[in-house]
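In case you want the letters, here they are:
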Amino acid sequence: SEQFLSASMSLLDRVESAVTKLKDCNDGLEITRHPPSSSSDSSPNHATPNPDNTESIEPTNQPHGGQLSFHVQSSGDLFWGGGTYLLTIQPDNDADSGGTVTLRSPLSGSFTYVYNPSSG
(Lines give C-alpha, C1' and ligand atoms only; values in the text may rest on other atoms or scores of the structure.)
Protein backbone atom coordinates (compact mmCIF):
# COMPACT_ATOMS: atom_id res chain seq x y z
CA SER A 1 0.00 0.00 0.00
CA GLU A 2 1.04 3.63 -0.47
CA GLN A 3 0.91 4.16 3.30
CA PHE A 4 3.37 1.29 3.87
CA LEU A 5 5.73 2.49 1.15
CA SER A 6 5.75 6.01 2.58
CA ALA A 7 6.35 4.78 6.14
CA SER A 8 9.05 2.32 5.05
CA MET A 9 10.96 4.95 3.01
CA SER A 10 10.79 7.26 6.02
CA LEU A 11 12.20 4.44 8.18
CA LEU A 12 15.11 3.89 5.77
CA ASP A 13 15.80 7.66 5.73
CA ARG A 14 15.84 7.90 9.55
CA VAL A 15 18.00 4.80 10.06
CA GLU A 16 20.45 5.87 7.34
CA SER A 17 20.76 9.33 8.90
CA ALA A 18 21.31 7.92 12.40
CA VAL A 19 23.90 5.31 11.35
CA THR A 20 25.75 7.83 9.15
CA LYS A 21 26.41 9.88 12.31
CA LEU A 22 28.25 6.84 13.72
CA LYS A 23 30.81 6.72 10.89
CA ASP A 24 33.08 9.33 12.50
CA CYS A 25 33.66 7.17 15.58
CA ASN A 26 33.56 3.74 13.89
CA ASP A 27 36.40 3.11 11.47
CA GLY A 28 35.44 0.72 8.71
CA LEU A 29 31.68 1.31 8.88
CA GLU A 30 30.27 1.23 5.35
CA ILE A 31 26.66 2.21 4.59
CA THR A 32 25.04 1.43 1.25
CA ARG A 33 21.48 2.32 0.25
CA HIS A 34 20.01 0.20 -2.51
CA PRO A 35 17.01 1.54 -4.46
CA PRO A 36 13.92 -0.64 -4.86
CA SER A 37 14.38 -3.53 -7.26
CA SER A 38 11.97 -5.75 -9.14
CA SER A 39 12.20 -9.35 -10.24
CA SER A 40 13.22 -8.09 -13.69
CA ASP A 41 16.29 -6.26 -12.34
CA SER A 42 19.54 -8.07 -13.02
CA SER A 43 21.65 -6.36 -10.36
CA PRO A 44 22.16 -8.12 -6.99
CA ASN A 45 20.56 -5.53 -4.69
CA HIS A 46 19.16 -7.93 -2.11
CA ALA A 47 21.31 -10.12 0.08
CA THR A 48 20.79 -13.23 2.14
CA PRO A 49 22.98 -14.94 4.71
CA ASN A 50 25.49 -17.45 3.41
CA PRO A 51 24.52 -20.78 5.04
CA ASP A 52 28.18 -21.83 5.36
CA ASN A 53 29.25 -18.64 7.15
CA THR A 54 26.70 -16.65 9.14
CA GLU A 55 29.00 -13.61 9.27
CA SER A 56 28.96 -13.29 5.47
CA ILE A 57 25.92 -12.12 3.56
CA GLU A 58 25.88 -12.93 -0.13
CA PRO A 59 23.91 -10.94 -2.73
CA THR A 60 21.00 -12.48 -4.66
CA ASN A 61 18.53 -11.11 -7.20
CA GLN A 62 15.46 -11.07 -4.91
CA PRO A 63 13.12 -8.09 -5.43
CA HIS A 64 12.70 -5.57 -2.60
CA GLY A 65 11.24 -2.14 -1.94
CA GLY A 66 14.53 -0.59 -0.81
CA GLN A 67 17.42 -1.71 1.36
CA LEU A 68 20.17 -0.44 3.63
CA SER A 69 23.31 -2.43 4.28
CA PHE A 70 25.75 -1.64 7.06
CA HIS A 71 29.09 -3.40 6.87
CA VAL A 72 31.18 -3.35 10.04
CA GLN A 73 34.81 -4.37 9.64
CA SER A 74 36.38 -6.67 12.16
CA SER A 75 37.96 -4.90 15.11
CA GLY A 76 40.17 -7.87 15.89
CA ASP A 77 37.73 -9.14 18.54
CA LEU A 78 38.18 -12.85 19.18
CA PHE A 79 34.43 -13.54 19.27
CA TRP A 80 33.24 -11.53 16.28
CA GLY A 81 34.93 -10.76 13.01
CA GLY A 82 32.61 -8.04 11.71
CA GLY A 83 29.75 -8.50 9.31
CA THR A 84 26.90 -6.98 7.36
CA TYR A 85 23.51 -5.91 8.69
CA LEU A 86 20.62 -5.54 6.26
CA LEU A 87 17.38 -3.59 6.62
CA THR A 88 15.08 -4.61 3.76
CA ILE A 89 11.65 -3.35 2.76
CA GLN A 90 9.42 -6.09 1.36
CA PRO A 91 6.15 -4.71 -0.06
CA ASP A 92 3.24 -7.11 -0.40
CA ASN A 93 0.82 -5.77 -2.97
CA ASP A 94 -1.72 -8.51 -2.22
CA ALA A 95 -2.00 -7.86 1.53
CA ASP A 96 -3.92 -5.19 3.40
CA SER A 97 -0.90 -4.60 5.64
CA GLY A 98 1.25 -3.49 2.73
CA GLY A 99 4.39 -5.43 3.58
CA THR A 100 7.15 -6.22 6.03
CA VAL A 101 10.54 -4.92 7.08
CA THR A 102 13.31 -7.46 7.66
CA LEU A 103 16.45 -6.89 9.72
CA ARG A 104 19.28 -9.38 9.20
CA SER A 105 22.15 -9.46 11.63
CA PRO A 106 25.32 -11.56 11.44
CA LEU A 107 25.01 -12.16 15.19
CA SER A 108 21.28 -12.41 15.89
CA GLY A 109 19.83 -13.76 12.65
CA SER A 110 16.74 -12.43 10.93
CA PHE A 111 13.80 -10.47 12.35
CA THR A 112 10.66 -9.66 10.36
CA TYR A 113 8.38 -6.79 11.33
CA VAL A 114 4.85 -6.57 9.95
CA TYR A 115 3.47 -3.10 9.27
CA ASN A 116 0.27 -2.26 11.17
CA PRO A 117 -1.60 0.43 9.22
CA SER A 118 -3.82 1.30 12.20
CA SER A 119 -0.86 2.41 14.31
CA GLY A 120 1.32 3.72 11.47
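Anyway, here's the lowdown on the structure attached to this text. Being a predicted model, the structure only gives us computed values, none of them experimental. (Residues numbered from 1 in each chain as written. Predicted model: local features only at pLDDT ≥ 70, side-chain atom pairs only at ≥ 80, totals over all residues. Heavy atoms only, no water.)

## Considerations on the sheet that holds strand β4 (residues 67-72)
Consideration 1: The strand order β1-β4-β5-β6-β7 describes an open sheet built from five strands, whose pairing is antiparallel. Of all strands in the sheet, those bounded by a partner on one side alone are β1 (29-34) and β7 (109-114). Averaged over all neighbouring strand pairs, the angle between strand axes comes to 10°, with direction disregarded.
Consideration 2: As paired strands, strand β5 (residues 83-91) and strand β6 (residues 99-105) are joined by six bridges and run antiparallel to one another. Its bridge partner lying in β6, Ile89 is registered against Val101.
Consideration 3: Sitting on the sheet, helix α1 (residues 2-20) touches β1, β4, β5 and β6, and the angle it makes with β5 is about 160°. (Pairing = 2+ DSSP bridges. Helix = DSSP H or I, 4+ residues; strand = E, 2+ residues; numbered from the N terminus. Axes fitted to C-alpha atoms, helices over the stretch in contact; angles between N-to-C directions. Contact = heavy atoms within 4.5 Å.)

## Some details on the nonpolar core
Consideration 1: Listed in full, the 11 residues of the largest apolar core are Phe4, Leu12, Val19, Leu29, Ile31, Leu68, Phe70, Leu87, Ile89, Val101 and Tyr115.
Consideration 2: Counting residues per element, the ones that place at least two in this core are α1, β1, β4 and β5.
Consideration 3: Per element, the largest residue contribution to this core is three residues, and it comes from α1. (Core = buried A, V, L, I, M, F, W, Y, C linked by side-chain atoms within 4.5 Å. Buried < 20%, exposed > 50% of the residue type's maximum accessible area, 1.4 Å probe, protein only.)

## Some words on the pattern of salt bridges
Consideration 1: Following the criterion strictly, the structure yields two salt bridges and no others.
Consideration 2: With its nearest N and O atoms 2.6 Å apart, the salt bridge here joins Arg33 to Asp13. You can see Arg33 sitting in strand β1 and its partner Asp13 sitting in helix α1, a full 20 residues away along the chain.
Consideration 3: Classification of Arg33 as partly exposed rests on a relative accessible area of 29%.
Consideration 4: Residue Glu16 is joined to Arg33 by a salt bridge in which the shortest nitrogen-to-oxygen separation is 2.9 Å. (Salt bridge = Lys/Arg side-chain N within 4 Å of Asp/Glu carboxyl O.)

By themselves, these figures tell us nothing about what the structure is for.
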